[in-house]
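Spelled out from the first residue to the last, the chains are:
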Amino acid sequence: MPHRLLSNNRAWAAATHARDPGFFTRLAQQQSPRYMWIGCADSRVPANEITGLDPGEVFVHRNVANVVVHSDLNALSTIQFAVEHLKVEHIFVVGHYGCAGVRAAMRGIRVGLADNWLRHVQDVRLRHRKRLDHLPPDEQENVLCEMNVIEQVGNVALSTVIQDAWARGQKVSIHGWVYGLTDGLLKDLRVTMDHPDGVVPVFGAAIKRYPRVAAPSAGGSLRAGGDVEDDEEDESADTAPRR
Ligand SMILES: [Zn+2]
């Protein structure tokens, strides 16, 4: 019942005040988070709890499947405020395994209006299909969760907000993480971008960690995913971020 939330709140406020009597007075003056979190709206992935941060320490933007689109004024405005006014030093794009949005995009499941939003994740799947198609279904979903994060890190890095920040010498790094619902652990996808010249090579290196053909088995060179020469010829098609 909603009443439970209000009584929970009163208990939390009292306990927080008892632990740190200046907590609310201090926070009411000014927020000065060093971190921004761009995550999925999924109720099981709350930024503060997972990272052990108090209110005031992380600036949060969440949407279905942690997508950053160049025409989404909501996300871009939030990033702009975080970078230009709060001067956050680190932005984390955080996906999670078992993401219903990514699963719908992977399997082509229609969910309604959100299909149009999840089209962006389907685009990621199509773009990297040669790195996905040869995997077992469960692994495809996990890998797409990771690839989606890598793509969104690239989108944040290529946004005018970040490009302008870097051009004026502001230090801000974009990181890609994925969260495990089953173990509560965050994994760093090693796709940190912190200067304009690093965007393309960092993106390419991250995507190339997912091979285009099945890993060789003990019995020989098992291949799925088609002609390897063709794969090599159009390698640049999916190892550069979209602009
Ligand atoms: Zn999700």
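Residues numbered from 1 in each chain as written. Predicted model: local features only at pLDDT ≥ 70, side-chain atom pairs only at ≥ 80, totals over all residues.

Right, let's get into the overall build of the protein. Within the protein, the regular secondary structure consists of 12 helices and 5 strands. Principal axes of the C-alpha set define a box for the protein whose edges measure 65 × 45 × 35 Å. Within the protein, the fraction of its 243 residues that count as buried is 31%. Relative to all contacts within the protein whose residues are 6 or more apart in sequence, the contacts with residues 24 or more apart total 66%. (Helix = DSSP H or I, 4+ residues; strand = E, 2+ residues; numbered from the N terminus. Buried ≥ 20, exposed ≤ 12 C-beta atoms within 10 Å, placed from the backbone. Contact = placed C-beta atoms within 7 Å.)

Moving on: the pairing of strand β3 (residues 90-96). Within a regular beta strand, the side chains point alternately toward one face of the sheet and then the other, so they alternate between its two faces. β3 sits mainly inside the fold: 6 of its 7 residues count as buried. Bridging between strand β1 (residues 35-40) and β3 involves 5 bridges; their strand directions are parallel. In the strand pairing of β3, Trp 37 is matched with Phe 92. Relative to strand β4 (residues 173-179), β3 is paired through 7 bridges, and the arrangement is parallel. Looking at β4, one finds that His 90 is bridged to Ser 173. (Pairing = 2+ DSSP bridges.)

Glancing now at the packing of helix α5 (residues 100-107) against helix α6 (residues 114-127). Look at α5 against α6: their axes get within 8 Å of each other, and the N-to-C directions meet at 60°. The angle between α5 and α6 places the two elements in the oblique class. For the pair α5 and α6, the sense of crossing is right-handed. Within the contact between the two elements, α5 uses Gly 101, Val 102, Ala 104, Ala 105 and Met 106 and α6 uses Leu 118, Val 121, Gln 122 and Arg 125. Broken down by class, the residue content of the contact of α5 with α6 amounts to 6 nonpolar, 2 polar and 1 charged. (Axes fitted to C-alpha atoms, helices over the stretch in contact; angles between N-to-C directions. Parallel < 35°, antiparallel > 145°, perpendicular 65-115°, else oblique. Left-handed = near helix turned anticlockwise from the far one by under 90°. Nonpolar A, V, L, I, M, F, W, Y, C, P; charged D, E, K, R; others polar.)

Bringing unusual backbone geometry into the picture now. With a phi angle near 70°, Ala 65 is a residue other than glycine that sits in the positive phi range. For Ala 65, a count of 28 C-beta atoms within 10 Å gives the class buried. Here Lys 87, not a glycine, exhibits a phi torsion of approximately 60°, which is positive.

The subject of this paragraph is the sheet that holds strand β5 (residues 186-188). Reading across the sheet, the 5 strands line up as β2-β1-β3-β4-β5 and stay open at both edges, with mixed pairing between neighbours. In this open sheet, the two strands that pair with only one neighbour each are β2 (58-63) and β5. Between one strand axis and the next, the sheet turns by 25° as a mean value, whatever way the strands run. Sheet topology places β1 next to β2; 6 bridges connect them, and they run parallel. Bridged to Met 36 within β2 is Phe 59. Of the strands in this sheet, β3 and β4 touch helix α8 (residues 137-158), which is tilted by about 155° from β3.

Once that is clear, we can look at the pairing of β4. Counting buried residues along β4, 6 of its 7 residues qualify, which places the element largely inside the surrounding structure. In this sheet, β5 lies alongside β4 in antiparallel orientation, the contact comprising 3 bridges. If you follow Trp 177 over to β5, its bridge partner there is Asp 188. In this structure, the hairpin formed by β4 and β5 is closed by a connection of 6 residues, where Gly 184 is found at a positive phi of approximately 75°.

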